Amino acid sequence: MGRVEGKVAFITGAARGQGRSHAIRLAQEGADIIAIDICEAIPENPYDPATEEDLAETVRQVEALDRRIVASKADVRNFDQLKGALDEGVAQLGRLDIVSANAGISGSPNRSENIPDAEWKNMIDINLGGVWRTAKAAIPHLRAGGRGGSIILTSSDAGLFPYENISHYVSAKHGVVGLMRTLALELAPDFIRVNSIHPTTVDTPMVQNDAIYRLFRPDLENPTKQDFADAATGMNALPIPWVEAVDISNALLWLASDESRYVTGVTLPVDAGAAIK
C-alpha cells in the first residue's frame, strides 16, 4: 500500500471502464484524483456512452477509499474545457504528479475506403488529438511542481501492429506511440517520464458491444459475446479472450510509481502475448 501516497493523478475517460479502474487503483495506493469524462454520446460511435451517473459512481468509489477526487464533465476535443477542469483540480488538490491520458473510442469497423470522413476526423481528434491536449494541459503543472512526474498514454496493441477494418483506430493508436516517444525526449530534462500502455481486448463497454463482435466475427450475421470470445482467444498467446481493466491499472500504477523512476519512452504491452503471436 502507499505506492503513490500523497500524489495527485489526472485521468481522462474516468467515468467507467479502464478510467474508473485506474482512478480506484491509484486511490487504493494513496493518490488523490482529478477525473474527467465527456459523459455524452459521440456521433458515429457504436455503443452507449458513459453518463454523469457513471462519473458520480467513480467519485463514490474513490471517496470510499478515503481519498479526495475532483470530477467534472469535459471533452478532450476541447482544450479549454480540458485545461479548465485540470486547473480547477490542481487548485483544489494542490499539485499534479501523474497523468493518465486514457479517454478514447473504438469507432465502427469498415474498410479504409468506406470510412466516412467525419468518423475518421472524430477518431483522430479523440484518440490522438485528445491525448496530445491532455499532455499539453498537464505539462505546465508538472513542470511547476518541480518533482518530475509520470505521463501514461493509453494506446493499444493496434498501436504496435495493424488490424484490418479499423484503419482510423490503428492510425490514431500508432500516432500515440510517436507522440509518447517525442514527449519522453522533450520532458526528460524535467524528470517527467512518458510511456504508453498497449492492451489487448479489455472487458469493458468499449469492447463488449455489437460493433466489435461483428469486427471479430464478420462470418456471422448476429455474433454473440461467446462468438467474440472464441475469436479473441485465438488472437492472444495466453488462452484467454480478454484481460480485465484492473490488469491495465496495475501496469499503469507501476509506471506512475517511483518503482519505474528510470523507465521512459517505453511501449508496454498488457496483452496476453498478442504482440508476439
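Reading the values: the criteria
Residues numbered from 1 in each chain as written. Predicted model: local features only at pLDDT ≥ 70, side-chain atom pairs only at ≥ 80, totals over all residues. Heavy atoms only, no water. 1 Å grid on protein atoms, 1.4 Å probe; cavity = no way out; pocket = protein on both sides within 12 Å on 5 of 7 lines; lining within 4 Å. Points joined across faces, edges and corners; volume = space filled by probe spheres on them. Helix = DSSP H or I, 4+ residues; strand = E, 2+ residues; numbered from the N terminus. Nonpolar A, V, L, I, M, F, W, Y, C, P; charged D, E, K, R; others polar. Domains from an automatic or database assignment. Pairing = 2+ DSSP bridges. Axes fitted to C-alpha atoms, helices over the stretch in contact; angles between N-to-C directions. Contact = heavy atoms within 4.5 Å. Phe/Tyr/Trp six-rings, centres within 6.5 Å; stacked < 30°, edge-to-face > 60°. Buried < 20%, exposed > 50% of the residue type's maximum accessible area, 1.4 Å probe, protein only. Left-handed = near helix turned anticlockwise from the far one by under 90°. Right-handed = clockwise from strand over helix to strand, strands pointing away. Buried area = accessible area lost by both parts, 1.4 Å probe. Salt bridge = Lys/Arg side-chain N within 4 Å of Asp/Glu carboxyl O. Core = buried A, V, L, I, M, F, W, Y, C linked by side-chain atoms within 4.5 Å.

**Structural notes on the layout of surface pockets**
Here the largest pocket defines a volume of roughly 870 Å³. Looking at the largest pocket, it is lined by 48 residues, and the ones nearest its centre are Tyr47, Gly104, Ile105, Ser106 and Met206. Contributions of two or more residues to the lining of the largest pocket are made by α1 (17–28), β2 (32–37), α5 (167–187) and α6 (210–216). Residue classes in the lining of the largest pocket are distributed as 26 nonpolar, 14 polar and eight charged. For the lining of the largest pocket, the two domains that each supply at least three residues are domain 1 (8–204 + 245–264) and domain 2 (208–241). What the second largest pocket holds in volume is close to 220 Å³. Taken together, 14 residues form the lining of the second largest pocket, with Arg147, Gly149, Phe191, Arg193 and Asp258 sitting closest to its centre. Of the residues in the lining of the second largest pocket, the class split is four nonpolar, three polar and seven charged.

**What to know about the sheet that holds strand β7 (residues 267–270)**
Reading across from one edge, β3-β2-β1-β4-β5-β6-β7 is the order of the seven strands in this open sheet, with parallel pairing throughout. Edge strands, defined here as strands with exactly one partner in the open sheet, are β3 (69–73) and β7. Ignoring strand direction, the axes of neighbouring strands in this sheet form an average angle of 15 degrees. Relative to strand β5 (residues 149–154), strand β4 (residues 98–101) runs parallel, the two sharing four bridges. Looking across to β5, one finds that Ala101 is bridged to Leu153. Along the sheet, helix α3 (residues 79–93) makes contact with β1 (8–12), β2 and β3, crossing β2 at roughly 160 degrees.

**Considering the packing of aromatic side chains**
All told, the structure shown has four aromatic pairs when counted by the stated rule. On the numbers, 5.5 Å between centres and 25 degrees between planes, the contact of Phe228 with Trp242 is stacked. Here Phe228, found in helix α7 (residues 225–235), pairs with Trp242, found in the loop between α7 and α8 (245–256); they are 14 residues apart in sequence, far enough to count as distant. Classification of Trp242 by relative accessible area gives buried; the value is 14%.

**A closer look at the packing of α3 against helix α4 (residues 117–145)**
Helix-helix packing is described using two parameters, namely the angle between the two axes and the distance between the axes. Close contact between α3 and α4 brings their axes to 10 Å; oriented N to C, the two are set at 35 degrees. The crossing of α3 and α4 is right-handed. Counting all contacts with α3, which are made through Phe79, Leu82, Lys83, Leu86, Asp87 and Val90, the residues of α4 involved are Gly130, Arg133, Thr134, Lys136, Ala137, Ala138 and His141. Here the contact of α3 with α4 is built from residues that sort into six nonpolar, three polar and four charged.

**Looking at the pairing of β3**
Inspection of the sheet shows β2 paired to β3 by five bridges, in the parallel sense. Its bridge partner lying in β3, Asp37 is registered against Lys73. After leaving β2, the chain enters helix α2 (residues 52–63) and then returns to the sheet as β3, a path that is right-handed.

**Side note on the domain arrangement of the protein**
Each assigned domain of the protein is listed with its residue range as follows: domain 1 (8–204 + 245–264) and domain 2 (208–241). Counting the surface lost from both domain 1 and domain 2, the interface buries some 850 Å², and carbon and sulfur atoms represent 62% of this. The tally of links between domain 1 and domain 2 comes to zero salt bridges. Partitioning the side of domain 1 that touches domain 2 into residue classes produces five nonpolar, five polar and two charged.

**Topic: the pattern of salt bridges**
Pairing is possible between side chains that carry opposite charge, provided their charged atoms lie close to one another. For the coordinates displayed, the defined rule picks out 18 salt bridges. One salt bridge connects Glu5 with Arg67, and the closest N-O pair in it is separated by 3.9 Å. With a gap of 62 residues between them, Glu5 in the segment before β1 and Arg67 in the loop between α2 and β3 connect regions that are remote in the sequence. Under the relative-accessibility criterion, Arg67 is labelled partly exposed at 21%. Asp32 is the salt-bridge partner of Arg68, the closest N and O atoms lying 2.9 Å from each other. Placement of the pair is Arg68 in the loop between α2 and β3 and Asp32 in strand β2, with a sequence separation of 36 residues. By relative accessible area, Arg68 is classed as partly exposed at 44%. One salt-bridge network, in which partners are shared between bridges, spans Glu5, Asp32, Arg67 and Arg68.

**Some points on the nonpolar core**
Among the nonpolar cores identified, the biggest contains 51 residues, and Phe10, Leu86, Leu96, Ile151, Leu153 and Val194 are the most heavily contacted of them. No other element matches α5, which puts nine residues into this core. Counting 31 residues, the second-largest nonpolar core is a separate cluster that includes Cys39, Val202, Leu253 and Ala256.

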